Amino acid sequence: MTDLIQTEQDGAILTIRLNRADKKNAITAAMYSAMADVLRGADSNTSIKVAIITGSGDSFTAGNDLKDFAENPPKDPTAPVFAFMDAMASFTKPVIAGVNGVAVGIGTTLLLHCDLAIAVPSAKFALPFVNLALVPEFASSLLLPRFVGVRKAQELLMSGEAFDAESALKFGLVGAVVPADQLATTLKTKAAMLAAKPPAALRETKALLRGDAAHIKAVIAAEAKVFSARLQSAELQEAVAAFFAKRPADFSKFS
Ligand code: COA
């Protein structure tokens, strides 16, 4: 397994840590595969009752690795990114997100599949898909309106504008904002609280809150079809070239 994903089990609590701080924990195909395997293993491992997902360094994750995406675009449902989404959407145990910094793209949409989300004050969130000539993913077209309301979801997904931790708390995307030096302890305390609950009751509660899992997976698949097609677009090539050239993208020639 790639060492860019670290796992650590402490009693009944599994921590999954994105470990690519120099690239803001941007997620490559190998990292998605590793996380999908870890989640599937953890779901059937009765010694694990709660999972925590967090980042290393000053970031949660800057989202999909844009180079990896442009060079090896996911083409079908077996692609690592979709395997990861399926593993998250199927996971039956509570997951706590520890948003220790920037949370872009899937860094924000991942929160829609977590049961608790706790951020530090410096965390920054964004759903920049449209700016990259992409479309919403990970069932965010369905779940983001549920969390933040339709009007706010339209604004966030169509503008791609970043927002801070205070706004994320106000929108209901995170449940708490705690000082950075208290994040680890808070995650541990919350995880221990959940690990002490009757596990079957917690699983059933999660399933009821999630609602129609088959529908969520169908939306992930429908979005993925459009997303994969967009990855082949000239608009995306311009967006990715602009990012790595550190210049603004110019979409004026597209109609
Ligand atoms: N894919 C690939 N590399 C990425 C990346 C990504 N999504 N996000 C950051 N990186 C790399 C940068 O290229 C840079 O690499 P370098 O040091 O070799 O030049 C390094 O990580 C640090 O990023 P930098 O942009 O210098 O940090 P910052 O603090 O100024 O900005 C972000 C942080 C997250 C706001 C900014 O990197 C960003 O906007 N990233 C792209 C986010 C994105 O669009 N994700 C995809 C969503 S689908």
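Residues numbered from 1 in each chain as written. Predicted model: local features only at pLDDT ≥ 70, side-chain atom pairs only at ≥ 80, totals over all residues. Heavy atoms only, no water.

**Quick word on the pattern of salt bridges**
Move 1: On inspection of all chains with the given rule, the structure shows 9 salt bridges.
Move 2: Taking the shortest distance from any N to any O, the salt bridge between Asp 65 and Arg 20 comes out at 2.7 Å. One end of the pair, Asp 65, is in the loop between β4 (59-61) and α2 (66-71); the other, Arg 20, is in the loop between β2 (13-18) and α1 (29-44), with 45 residues separating them in the sequence.
Move 3: Close ionic contact of Lys 24 with Asp 58 constitutes a salt bridge, the shortest N to O distance being 3.2 Å. Residue Lys 24 is located in the loop between β2 and α1, and its partner Asp 58 is located in the loop between β3 (50-55) and β4; the two are separated by 34 residues in the primary sequence.
Move 4: With relative accessibility at 48%, the residue Asp 58 sits in the partly exposed group. (Salt bridge = Lys/Arg side-chain N within 4 Å of Asp/Glu carboxyl O. Helix = DSSP H or I, 4+ residues; strand = E, 2+ residues; numbered from the N terminus. Buried < 20%, exposed > 50% of the residue type's maximum accessible area, 1.4 Å probe, protein only.)

**What to know about the nonpolar core**
Move 1: Within the largest apolar cluster, 83 residues are counted, with the highest numbers of intra-cluster contacts made by Phe 84, Met 88, Val 99, Phe 125 and Leu 144.
Move 2: Residues in contact with Phe 125, not counting those within four places in the same chain, are Val 99, Ala 103, Thr 108, Leu 111, Ala 119, Glu 161, Ala 162, Phe 163, Asp 164, Ala 165, Ala 168 and Val 174. (Core = buried A, V, L, I, M, F, W, Y, C linked by side-chain atoms within 4.5 Å. Contact = heavy atoms within 4.5 Å.)

**Observations concerning the site of the ligand**
Move 1: Close to the ligand lie 15 residues; Lys 23, Ala 62, Asn 64, Asp 65 and Leu 66 are nearest.
Move 2: Within the side chain of Lys 23, a nitrogen or oxygen atom sits 2.5 Å from an oxygen atom of the ligand.
Move 3: Measuring from a nitrogen atom of the ligand, one finds a backbone N or O atom of Asn 64 at 2.9 Å.
Move 4: The fraction of the free accessible surface of the ligand (870 Å²) that becomes covered by protein chains is 66%.
Move 5: Secondary structure elements with two or more residues in the shell around the ligand: β6 (102-104) and α11 (234-244).
Move 6: Considered class by class, the residues forming the shell around the ligand number 9 nonpolar, 1 polar and 5 charged. (Near = heavy atom within 4 Å. Polar contact = N/O pair within 3.5 Å; in protein donor to acceptor, adjacent residues only side chain to side chain. Areas by Shrake-Rupley, 256 points an atom, 1.4 Å probe, with all protein chains shown as cover. Nonpolar A, V, L, I, M, F, W, Y, C, P; charged D, E, K, R; others polar.)

**Structural notes on the sheet that holds strand β1 (residues 5-10)**
Two pairing modes exist for strands in a sheet, parallel and antiparallel, and in both the strands are linked by backbone hydrogen bonds.
Move 1: Strand order across the open sheet formed by 6 strands is β1-β2-β3-β5-β7-β10, with mixed pairing between neighbours. Each having just a single partner strand, β1 and β10 (176-177) make up the two edges of the open sheet.
Move 2: Sheet topology places β3 next to strand β5 (residues 95-99); 4 bridges connect them, and they run parallel. Bridge pairing in β5 links Ile 52 to Ile 96.
Move 3: Where helix α8 (residues 183-195) meets the sheet, its contacts fall on β1, β2, β3, β5 and β7 (116-119), and the angle it forms with β5 comes to roughly 175 degrees. (Pairing = 2+ DSSP bridges. Axes fitted to C-alpha atoms, helices over the stretch in contact; angles between N-to-C directions.)

**Some remarks on unusual backbone geometry**
Move 1: Phi at Lys 24 is positive, roughly 55 degrees, even though this residue is not glycine.
Move 2: The phi dihedral of Asn 25 is positive, around 60 degrees, even though this residue is not glycine.
Move 3: Structurally, the position occupied by Asn 25 is in the loop between β2 and α1.

**Quick look at the sheet that holds strand β8 (residues 124-126)**
Move 1: What the 4 strands build is an open sheet, ordered β4-β6-β8-β9; its pairing is mixed. Each having just a single partner strand, β4 and β9 (163-164) make up the two edges of the open sheet.
Move 2: Summarising the sheet, β4 and β6 pair through 2 bridges and their orientation is parallel. Bridging from a neighbouring strand, Ser 59 pairs with Val 102 of β6.

**Concerning the packing of aromatic side chains**
Move 1: A complete count under the given rule lists 8 aromatic pairs for this structure.
Move 2: Arranged with centres 5.7 Å apart and planes meeting at 40 degrees, the rings of Tyr 32 and Phe 84 form a pair that is tilted. With Tyr 32 in helix α1 and Phe 84 in helix α3 (residues 80-90), the pair connects residues that are 52 residues apart, well separated along the chain. Residues Tyr 32 and Phe 84 agree in their burial class; the two are buried.
Move 3: Arranged with centres 5.0 Å apart and planes meeting at 75 degrees, the rings of Phe 243 and Phe 244 form a pair that is edge-to-face. (Phe/Tyr/Trp six-rings, centres within 6.5 Å; stacked < 30°, edge-to-face > 60°.)

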